[in-house]
Amino acid sequence: MYPAPIENYVAPATVQEALKALGGQAAGEAHFIAGGQSLMQAIKSRLISPRTLIDLQHVAELKGISAEAGGVRIGAMTRYRSIAGEERLNGAYEALRDAASHVGDRQVRNRGTIGGSLCWNYLAACMPPTCIGLGASVELLDTKGEKRTLPAEEFLRGPLETARKENEILLAVVLPGAPARSGSAYKKWGLVTDALPVVGVCAFVQIGDDGRCRRARLAVGGLATGPRRSKAGEEALAGVAAKDAEAIAAAADRAAASTEVQADMWADASYRKALISTLAREVVSTAFARAQARRAA
Amino acid sequence: MNKTISITINGEAYQQSVPIRMLLVDFIRDVAGLTGTHVACTFEGVCGACTVHLDGEAVKSCLMLAVQADGHRITTVEGLAVDGELSILQKAFNDHHALQCGFCTSGILMNAAEFLKVNPRPTEAEIRSALVGNLCRCTGYAHIVDAIKEAAGRAG
């Protein structure tokens with residue numbers, strides 16, 4: 001299958017050049033291409049037909065993970081392959097490794113990027129709920145040189161929609177400094193191994209000296225409304241002890257019950273809720289275990 | 001609409017003006033004439049038959065434009081044998097009857113060749129997980145897994 005004709009292709013070496021290329025085009029005519037693992041499907045099926053493609057593959061400043069005391073910064077062009085192998089994310093931000101190591105297949109993980117996934121915000125994607133669950137922020141720069149940072153949960157809207165303006169580029173995903181005794185996990189369920197998620201759930205917990213949950217974040221993907229936090233689930237986790245399987249299950253049920261879900265060809269509404277509950281139970285338990293392991297260390 | 005690009009495939013340089021919309025797999029097959037790289041699903045990037053190495057890493061050549069490979073180094077299945085001698089992995093596929101119709105084989109070889117560089121001592125579970133991106137409708141995968149396992153052993 002051939003894409004529709006594409007008039008221009010540019011491969012800038014810097015963010016400045018990329019924004020210059022974007023600014024030189026009429027609104028909606030140019031499209032950034034990151035790893036292209038979703039975008040090429042969309043171009044081939046002619047869901048989109050960009051006149052100009054701006055390929056970000058050579059923009060070195062958009063690649064790489066820097067972990068510092070103040071937090072973790074992941075360049076928008078960092079590939080799943082790199083995230084999956086990044087041991088500095090263990091514990092607090094291990095959910096990102098869980099998610100990145102099961103996106104598509106290894107060929108896709110060799111090309112696909114975190115920034116591409118967030119900007120595409122496909123309904124069945126792992127990075128969007130994971131970034132929301134971890135309380136990540138995104139950094140954007142526009143063609144006039146204005147930079148802004150906003151929480152992932154504000155950036156990510158309904159499926160295929162984000163808060164990115166036509167004249168902006170996504171620079172990086174930024175995770176806040178990890179509090180002591182914190183852990184996270186992500187898990188998805190799809191029709192076959194490593195398939196697109198019918199439902200994906202990310203949990204982040206921080207525990208106190210008493211082993212009880214001080215702070216929790218829970219986010220769900222695979223929803224027709226776009227990736228969403230489950231505040232009801234988070235509230236139900238407050239004060240819950242890591243070993244209290246019953247309370248964790250109750251919180252997972254609360255998360256499922258309070259999430260608005262759609263019925264589609266992959267799962268009806270009640271099955272989707274059962275998936276949310278089951279996955280939430282698992283990821284919360286794993287997140288607790290990782291938070292406790294960090295306490296012991 | 002056209003752009004002149006230079007791509008090195010299996011050590012040979014190809015310089016050519018191509019339509020920007022041309023897929024890398026079509027450049028490999030139609031411009032370079034290397035038809036060992038196959039096309040099956042054609043659009044979704046789910047079958048893995050078109051897997052090649054881009055600068056040494058396994059990628060699906062139907063999910064890239066040829067212009068994106070400008071200045072890069074590609075290896076296709078034709079580049080695995082050295083001086084007419086099959087690679088250890090190819091020989092293992094032969095020995096284990098790891099193909100029937102053979103349509104998926106080139107993509108699986110290219111994926112597995114890079115996988116074994118990254119993980120030279122894989123478990124069976126790791127081999128199976130590495131094959132998620134390649135569809136085979138004949139073998140049931142068992143002989144493919146055996147071949148990869150043996151190639152890992154022989155290479156060490």
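Because the structure is predicted, anything quoted here is derived from the model rather than measured.

Side note on the overall build of chain A
Scanning chain A for helices and strands turns up eleven helices and twelve strands. Its C-alpha radius of gyration of 19 Å places chain A within 12% of the 19 Å reference for a compact globule of 297 residues. Each of the three principal axes of chain A carries a C-alpha extent, and together these read 60 × 45 × 30 Å. Of all 297 residues assigned to chain A, the portion counted as buried reaches 52%. Taking the contacts inside chain A whose residues are at least 6 apart along the sequence as the reference set, 66% of them involve residues at least 24 apart.

What to know about the pairing of strand β5 (residues 71–75) of chain A
Residues and elements named next belong to chain A. When strand β4 (residues 65–68) meets β5, the two strands line up antiparallel, connected through four bridges. Across the sheet, Ile 65 pairs through a bridge with Ile 74, a residue of β5. In this structure, the hairpin formed by β4 and β5 is closed by a connection of two residues.

Observations concerning the sheet that holds strand β3 (residues 52–55) of chain A
Residues and elements named next belong to chain A. Strands sit in the order β1-β3-β2 across an open sheet of three strands; the sheet is parallel. Looking at which strands have only one partner, the edges of the open sheet turn out to be β1 (8–10) and β2 (30–33). Going from strand to strand, the sheet's axes swing by 20° on average, the running direction of each strand aside. When β2 meets β3, the two strands line up parallel, connected through four bridges.

Side note on the packing of helix α2 (residues 88–95) of chain B against helix α3 (residues 105–118) of chain B
Residues and elements named next belong to chain B. Their axes nearest at 10 Å, the elements α2 and α3 cross at an angle of 130°. By the criterion of interaxial angle, the relationship of α2 to α3 is oblique. The crossing of α2 and α3 is right-handed. Seen from α2, the contacting residues are Leu 89, Gln 90 and Phe 93; seen from α3, they are Thr 105, Leu 109, Ala 112, Ala 113 and Leu 116. Here the residues of the contact of α2 with α3 are counted per class, giving six nonpolar, two polar and no charged.

Examining the domain arrangement of chain B
Residue and element names in this part refer to chain B. Splitting chain B by domain gives domain 1 (2–79) and domain 2 (88–155). With three residues, the single largest contributor to the side of domain 1 that touches domain 2 is strand β3 (residues 51–54). Considered class by class, the residues forming the side of domain 1 that touches domain 2 number seven nonpolar, seven polar and one charged.

A short note on the domain arrangement of chain A
All names here are of chain A. By the assigned domains, chain A splits into domain 1 (8–55), domain 2 (60–176) and domain 3 (182–296). Taking only C-alpha atoms into account, the centre of domain 1 sits 18 Å from that of domain 2. Between domain 1 and domain 2, the contact holds 15 residues from the first and 19 residues from the second. The leading source of residues in the side of domain 1 that touches domain 2 is helix α1 (residues 15–23), at five residues. Within the side of domain 1 that touches domain 2, the residues separate by chemical class into eight nonpolar, seven polar and no charged.

Examining α3(B)
In this model, α3(B) (14 residues) spans 20 Å end to end at C-alpha, consistent with the 20 Å of a helix rising 1.5 Å per residue. All buried positions along α3(B) are accounted for by Thr105(B), Ser106(B), Gly107(B), Ile108(B), Leu109(B), Met110(B), Asn111(B), Ala112(B), Ala113(B), Glu114(B), Phe115(B) and Leu116(B). Those residues of α3(B) that are buried are in contact with α5 (106–109) of chain A together with β3, β4 (57–60), α2, α4 (124–130) and α5 (142–155) of chain B.

Concerning α5(B)
Residue and element names in this part refer to chain B. Helix length check: α5 (14 residues) gives 20 Å between terminal C-alpha atoms against 20 Å at 1.5 Å per residue, within 8%. Listing the buried residues of α5 in full gives Ile 144, Val 145, Ala 147, Ile 148, Ala 151 and Ala 152. Along α5, the residues classed as buried sweep out an arc of 160° about the axis, all on the same side. Residues Ala 142, Gly 153 and Arg 154 are exposed on α5 and point more than 90 degrees away from its buried face. Along its buried surface, α5 packs onto α2, α3 and α4.

A look at the nonpolar core
Residues Leu118(A), Ala203(A), Val205(A), Ala280(A), Val283(A), Val284(A) and Ala66(B) are the most contacted members of the largest nonpolar core, which totals 145 residues. Among the elements that line this core, the one with the most residues is helix α11 (residues 269–296) of chain A, at nine residues. In this structure, Val205(A) is in contact with Ser182(A), Gly183(A), Cys213(A), Ala216(A), Leu237(A), Val284(A), Ala287(A), Phe288(A) and Ala291(A), ignoring residues within four places of it in sequence.

Reading the values: the criteria
Here the residue index of a chain counts from 1 through its sequence in written order. Lettering of chains starts at A and numbering of ligands starts at 1, both following the order in which they are written. Totals for whole chains, interfaces and linings use every residue, but because this is a predicted model, local features are given only for residues with pLDDT of at least 70 and side-chain atom pairs only at 80 or more, for both listing and counting. A run of H or I in DSSP becomes a helix once it reaches four residues, and a run of E becomes a strand once it reaches two; helices and strands are each numbered from the N terminus. Here the globule rule is a power law, 2.2 Å times the number of residues to the power 0.38, and the radius of gyration is based on C-alpha atoms. Each residue is classified by how many other C-beta atoms fall within 10 Å of its C-beta atom, where C-beta atoms are placed from the backbone; a count of 20 or more means buried, 12 or fewer means exposed, and values in between mean partly exposed. Throughout, a pair of residues is in contact if the C-beta atoms placed from their backbones lie within 7 Å. Following DSSP output, two strands are said to pair if at least two bridges run between them. To define axes, lines are fitted to C-alpha atoms, for helices over the stretch in contact only, and angles between the resulting N-to-C directions are given on a 0 to 180 degree scale. For classification purposes, angles smaller than 35 degrees are called roughly parallel, those larger than 145 roughly antiparallel, those between 65 and 115 roughly perpendicular, and all remaining angles oblique. For any pair of crossing helices, the crossing counts as left-handed if the nearer helix is rotated counterclockwise from the farther one by less than a right angle, and right-handed if it is rotated clockwise. When residues are sorted by character, Ala, Val, Leu, Ile, Met, Phe, Trp, Tyr, Cys and Pro go into the nonpolar class, Asp, Glu, Lys and Arg into the charged class, and all the rest, Gly among them, into the polar class. How far each domain reaches was decided by an automatic or database domain assignment. For a helix, the expected span equals 1.5 Å multiplied by the residue count minus one. This arc is taken over the directions from the axis of the helix to the C-beta atoms. Take the buried Ala, Val, Leu, Ile, Met, Phe, Trp, Tyr and Cys residues, join any whose C-beta atoms are within 7 Å, and the set you get is a nonpolar core.

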